[in-house]
Amino acid sequence: MKWNVEWVDLQNMERMVAECWRMSEHQLDRYVQKLSKQRDLAFAGELGIKFLELLQNATDHGKMPDWSKLQKDIRLMKDLIQDGQAQHDVYWKSQYQELTADTRAYFGTEFGRAFTEQIAEKLDLNISDEQRMLRNDLGKIQKICQTCNWDDEEKAKKALLLLTQDEKYYFSSWLGDAFINVLQERYGKKEAEEKSELEIQFDTAQKKDSSFPTKIIWTLVICVSVGLICVLLYLQSDNGQGVQKLKELFTGIVSEIKSDSDTETKSDKILTKQTDYMPLQQAASQAESDEDLMLSVAVAGADHTPDLEPENSQEAPEQKILAENDEKAATIPDILPQYQSFHHDYPDLFGWLKIPGTSIDHPVMQSDDEQRGEKYYYLHRDYTGKQKEAGSLFVESSSSQFPQDKNTVIYGHNMSNGHNFGMLEKYKDSGFFKEHPVIQYDTIYETGTYQIVAVLITRILYQDEEGFRYYRFYNYHSREEFLECAEFINNNRLYDTGEDLQYGDQMIMLSTCEYSRQNGRLVVVAKKIG
C-alpha cells in the first residue's frame, strides 16, 4: 500500500503546527484563510484537506486546537506509515481494526479519525462487493491494454483467445464481459468466418466418407451373390467332394477379413490419437509464448516452494524424511467422511482446528485470492462468505493441504470476547498450557494430533530488516533451514514447555495479533504426534 502523498502532507502538517503553536487567534485566522486559498499547493491528498478543515473549524468557533496532542497524532501517523511500508493489506486491516476498536487510546484529537478513514478508503472497506469487483476488473483491463500491441492483429487475437478460454476465472464483473465482447466484435469476425468455412469443409468430407461404407456394402452383396452361385455349381461337381475344399476356402476368407479389420481399427486409433493430441500441443505452445499478455495477480504472503527431491542419491539419508510427502502426492485421497458434507456446501474448507477444553473449534478456510481478485478473503468474512468483522480462521492461498506443508501457518483475529484466536492470550500463562497442551488439527484429507512446543511473542519485521519471518516459512529443504526456524522459536519463547522440535517434524503455527509491542504477534507452535 502506497502512502507517498500522505507522507508529504504529514511533513507539511508537522511544520505548520510548529508555526501555529504560538499564534494568536487573529493571526491563526489570517493564516488559515491564506492556506485555504493555496490548499492545492499546500496539500497533495485527502488527509491534508482534512487537516485544513480541522483548522478552519477551530477558527470558526474561536477554539484553539491542542497543538501538543495534534503534533503527537501527526508523528504517530508518520510512524505507522513508516512501519507499514510495503506491507500487504492484511497488515493494514489489522492496524485498522486496532485503531478503530479504541481510537482514543491511540489519538488525542479528532484528526486521528481522518487517518483511520484514509486506511479504510485505501482498503476499499467502505465500498460494496460489486464496486470492488469493478475496480479489480478495471485495473486488469488497463494492464492488458498496456501490455498488448493492438495494432498487431495476430497478438490481439491471441490475447482474445486466452481471455475467452478463461473468462470466468479472469474477470469477476460485467465490465470484463463487456471488454471481451468489444474485442470479439473487432478481432473475432474473421476468425468466425474461417471457422465456418472449416466446418463446411468438414461436413462435405463427412458426407463423402459416409458414402464409402455404402459402396462397400453393395460390393459385398454382389460378391456374395456371385459366390453362392459358384458354390452351388462347385458342390454339384466331383460327386460332392468339393465340400471340404469349400470349408477350407471359407476359413481362409474369414481369417483374411478379420486381419484386415484389426489393421484398420489400429490405424483408426492411431489417427484419432494424433488428431486429439495435436490441438493440445499447439494450444500449449501458444499459451507458453503468450504468457506476457495475461496479467498475474500478486499473491500476498509467504514464498512457498514445494519439497524437492535430492539431486544426489548420497544425500538421501539426511533428506529421506522430507521426501516422504512426494510419494504421497501421486494420488489425492478421498475427503474424510466427517468433512464431506461441509466441504460440499463450502468448497473453501481447508481443515478444522480444535483445542480441547477451549472455545476454539472452528473450520479453517482457504481462498483462491487470485480468482476472487481480493486478498485475504476470509479476514473479515465468516466461513459462508458473509461479511463479518471477526472473520474466520484461514491459511494463505499458497498453503498446501496434500501433501501437507512442513509448516502450516493458521491466522485468526485476537477478539476481545475470546472468539477465534482471542483464547490464545491465555497461553501466555504456563499453567494454561499445562492444562491444554494438545491441539487437534485435521486437513480435509487426514486427521492430526499436535503437541504444543512453544508460545512466542514476536513481531512483523520491517521490509529491509533482517531476521527470520515465520509467516513466510512453509517448508524446509535442509537441516540448516530447519535449524534457523528452531533457533527463532527458542529465542522468542515465553517459557519452557519441556518440548522441542526435531528435524523432520511437521508443524502448525497459530498466529494472531499481540498488543504489547508495535506490529506484535502471538504465535503458538505445535508439532504433529499422531
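Shown above is the structure to which this text applies.
Residues numbered from 1 in each chain as written. Predicted model: local features only at pLDDT ≥ 70, side-chain atom pairs only at ≥ 80, totals over all residues. Heavy atoms only, no water.

A.B. asks: Any chance you could break down the pattern of salt bridges for me, citing the residues and the numbers?
C.D. replies: On inspection of all chains with the given rule, the structure shows twelve salt bridges. Where glutamate 19 meets arginine 15, a salt bridge forms, and the shortest distance between an N and an O atom there is 3.2 Å. Note that glutamate 19 and arginine 15 are positioned in helix α1 (residues 4-20) at a spacing of four residues, about one turn of the helix. For glutamate 19, a relative accessible area of 36% gives the class partly exposed. (Salt bridge = Lys/Arg side-chain N within 4 Å of Asp/Glu carboxyl O. Helix = DSSP H or I, 4+ residues; strand = E, 2+ residues; numbered from the N terminus. Buried < 20%, exposed > 50% of the residue type's maximum accessible area, 1.4 Å probe, protein only.)

A.B. asks: Give a description of helix α8 (residues 111-122) that names residues and reports values.
C.D. replies: Residue pairs spaced three or four apart in an α-helix point in one direction, given the helix's 3.6 residues per turn. Across its twelve residues, α8 extends 17 Å between first and last C-alpha, which sits within 8% of the 16 Å expected from 1.5 Å per residue. Buried within α8 we find Phe111, Gly112, Ala114, Phe115, Thr116, Gln118, Ile119 and Ala120. On its buried face, α8 sits against α1, α4 (46-60), α5 (67-83) and α6 (89-101). Just beyond α8, the residue with positive phi is aspartate 124, at close to 60°. (Expected span 1.5 Å × (residues − 1). Contact = heavy atoms within 4.5 Å.)

A.B. asks: I'd like a description of a negative patch on the surface, backed by residues and values.
C.D. replies: A contiguous patch of negative charge on the surface is contributed by Glu480, Glu481, Glu484 and Glu487. By the element assignment, glutamate 484 lies in helix α20 (residues 479-492). On the accessibility criterion, glutamate 484 (43% relative accessible area) is partly exposed. (Patch = residues over 30% accessible without salt bridge, like charges linked within 9 Å, V, L, I, M, F, W, Y side chains within 5 Å. Areas by Shrake-Rupley, 256 points an atom, 1.4 Å probe, with all protein chains shown as cover. Lys, Arg positive; Asp, Glu negative; His and termini not counted. Charge placed at Lys NZ, Arg CZ, Asp CG, Glu CD.)

A.B. asks: Any chance you could break down the nonpolar core for me, citing the residues and the numbers?
C.D. replies: Side chains of a nonpolar character, in soluble globular proteins, are inclined to be buried together. In this structure, Leu456, Tyr470, Cys485, Ile489 and Met509 are the most contacted members of the largest nonpolar core, which totals 36 residues. Mapped onto this core, the elements with two or more residues apiece are α17 (337-345), β4 (407-411), β6 (449-459), α20, β7 (507-513) and β8 (520-528). The dominant element in this core, judged by the number of residues it contributes, is α20, at four residues. Beyond its immediate sequence surroundings of up to four residues, leucine 456 is in contact with Phe488, Ile489, Asn492, Arg493, Arg521, Leu522, Val523 and Val525. Counting 34 residues, the second-largest nonpolar core is a separate cluster that includes Trp3, Met16, Val32 and Leu35. (Core = buried A, V, L, I, M, F, W, Y, C linked by side-chain atoms within 4.5 Å.)

Such coordinate-based values are descriptive only and should not be taken to indicate function.
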